[in-house]
Amino acid sequence: MLASALRFLAPRRRLYFPALLDHYQPIARGMTLLNEALKRSIKVHQDRGFQVLANEIDILEAEADKIKRHIRNHLPAASLMLVDKTLFLDYTRRQDDILNNIQEAVTWLGLGDVPLSPPLADSLVACVDEAARTVEMLRPSLMAAIDLILHGRRARSDVKSHIHDIRQQHLKVFKAKRRLIAAAYASGLEFRQIYQLMRFVEYVYRASHSAERCADLLRAMLAR
């Protein structure tokens, strides 16, 4: 009877893994909205449409927090989990940090219009696009890890390859950030405007770094 009960409970104990994909959805949407907010800010400045996008990111952040709390409140005992519980909790925090950083980035962007030359505007958009790519690449990495951990349907090397690709993508974000900082200081903008741009770019970079950290934690889970 005990064995039968455990077989019944096993699928339910594993629901916390697919729930990470539910948590990822508002995060991915938030990155898309940040990209739209930046391009709108450059094109038509910070009008009502910009504020609507910023408000929607706030709503998504609250939604992601709710999903994260639900996942954490419904975890099985550590001894019944398929991965280390501390690593899993750290993963949920790091994945949530992506959207937190997106929210901070749009807050700094909304502090006021900054006159951008076309080359500087292009560099800014390119940096955000690279960070968005890092976040985008997290989903297939997470799916591959879930398939391997829950079902054994993926080769370990396949998951590692996804994780390696995320690390390489984050390196592109780092390089784009450095180029943008150099371009901003050579632009002739006022210091307060440069500072605003740097804070915006720093949080964009942190969003990408959080995605990379998530990939590192997936790799650590596989090592159990």
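Residues numbered from 1 in each chain as written. Predicted model: local features only at pLDDT ≥ 70, side-chain atom pairs only at ≥ 80, totals over all residues. Heavy atoms only, no water.

**What about the overall build of the protein?**
Secondary structure assignment for the protein yields seven helices and zero strands. Secondary structure elements in the protein, listed N-terminal to C-terminal, are α-α-α-α-α-α-α. Each principal axis of the C-alpha atoms in the protein carries an extent, and together these give about 75 × 35 × 20 Å. Taken across its 224 residues, the protein has 47% of its residues classed as buried. For the protein, restricting intrachain contacts to residue pairs at least 6 apart in sequence, the fraction spanning at least 24 positions comes to 84%. For the protein, the accessible surface area stands at approximately 11,400 Å², while carbon and sulfur atoms represent 53% of it. In the protein, 34 side chains carry a positive charge and 25 a negative one; their mean positions are 7 Å apart. (Helix = DSSP H or I, 4+ residues; strand = E, 2+ residues; numbered from the N terminus. Buried < 20%, exposed > 50% of the residue type's maximum accessible area, 1.4 Å probe, protein only. Contact = heavy atoms within 4.5 Å. Areas by Shrake-Rupley, 256 points an atom, 1.4 Å probe, with all protein chains shown as cover. Lys, Arg positive; Asp, Glu negative; His and termini not counted. Charge placed at Lys NZ, Arg CZ, Asp CG, Glu CD.)

**Digging into the pattern of salt bridges**
Inspection of every chain in the model, using the stated rule, returns eleven salt bridges. A salt bridge links Glu-56 to Arg-29, with the shortest nitrogen-to-oxygen separation between them at 3.6 Å. Residue Glu-56 is found in helix α3 (residues 48-73), and its partner Arg-29 is found in helix α2 (residues 16-44); the two are separated by 27 residues along the sequence. Linked by salt bridges that have partners in common, Asp-90, Arg-93, Arg-94, Asp-97 and Arg-213 make up one network. (Salt bridge = Lys/Arg side-chain N within 4 Å of Asp/Glu carboxyl O.)

**Focus: the packing of aromatic side chains**
Enumeration according to the criterion identifies six aromatic pairs in this entry. Measuring from ring centre to ring centre gives 5.6 Å for Phe-17 and Phe-88, while their planes differ by 85 degrees; the resulting arrangement is edge-to-face. Placement of the pair is Phe-17 in helix α2 and Phe-88 in helix α4 (residues 85-109), with a sequence separation of 71 residues. Each member of the pair, Phe-17 as well as Phe-88, carries the same accessibility label: buried. Centroid distance Phe-174 to Tyr-205: 6.3 Å. Interplanar angle 55 degrees. Geometry classified as tilted. Of this pair, Phe-174 sits in helix α6 (residues 156-185) while Tyr-205 sits in helix α7 (residues 191-222); the two residues are 31 residues apart in sequence, bridging distant segments of the chain. By relative accessible area, Phe-174 is classed as partly exposed at 30%. Through a chain of ring-to-ring contacts, three or more aromatic side chains come together here, namely Tyr-16, Phe-17 and Phe-88. Over the face of the ring belonging to Tyr-205 we find Lys-177, whose NZ or CZ atom lies 4.2 Å from the ring centre. Directly above the ring of Tyr-203 sits Arg-206, whose terminal nitrogen or CZ lies 4.8 Å from the centroid. (Phe/Tyr/Trp six-rings, centres within 6.5 Å; stacked < 30°, edge-to-face > 60°. Lys NZ or Arg CZ within 6 Å of the ring centre and 35° of its normal.)

**Describing the nonpolar core**
By size, the foremost hydrophobic cluster in this structure holds 74 residues, and its most contacted members are Phe-17, Leu-34, Phe-88, Tyr-91, Ile-98 and Phe-200. Those elements giving two or more residues to this core turn out to be α2, α3, α4, α5 (118-151), α6 and α7. Counting residues per element, this core draws most heavily on α5, which supplies 17 residues. (Core = buried A, V, L, I, M, F, W, Y, C linked by side-chain atoms within 4.5 Å.)

**Points about the packing of α2 against α4**
Put simply, α2 and α4 touch, their axes get as near as 10 Å, and they point 15 degrees apart. On the basis of their axis angle, the class for α2 and α4 is roughly parallel. At the point where α2 passes α4, the crossing takes the left-handed sense. (Axes fitted to C-alpha atoms, helices over the stretch in contact; angles between N-to-C directions. Parallel < 35°, antiparallel > 145°, perpendicular 65-115°, else oblique. Left-handed = near helix turned anticlockwise from the far one by under 90°.)

**Concerning the packing of α2 against α3**
Packing of α2 against α3 leaves a shortest axis separation of 9 Å and a crossing angle of 165 degrees. Our classification of the angle between α2 and α3 gives roughly antiparallel. By crossing handedness, the relation of α2 to α3 is classed as left-handed. Broken down by class, the residue content of the contact of α2 with α3 amounts to 14 nonpolar, four polar and seven charged. (Nonpolar A, V, L, I, M, F, W, Y, C, P; charged D, E, K, R; others polar.)

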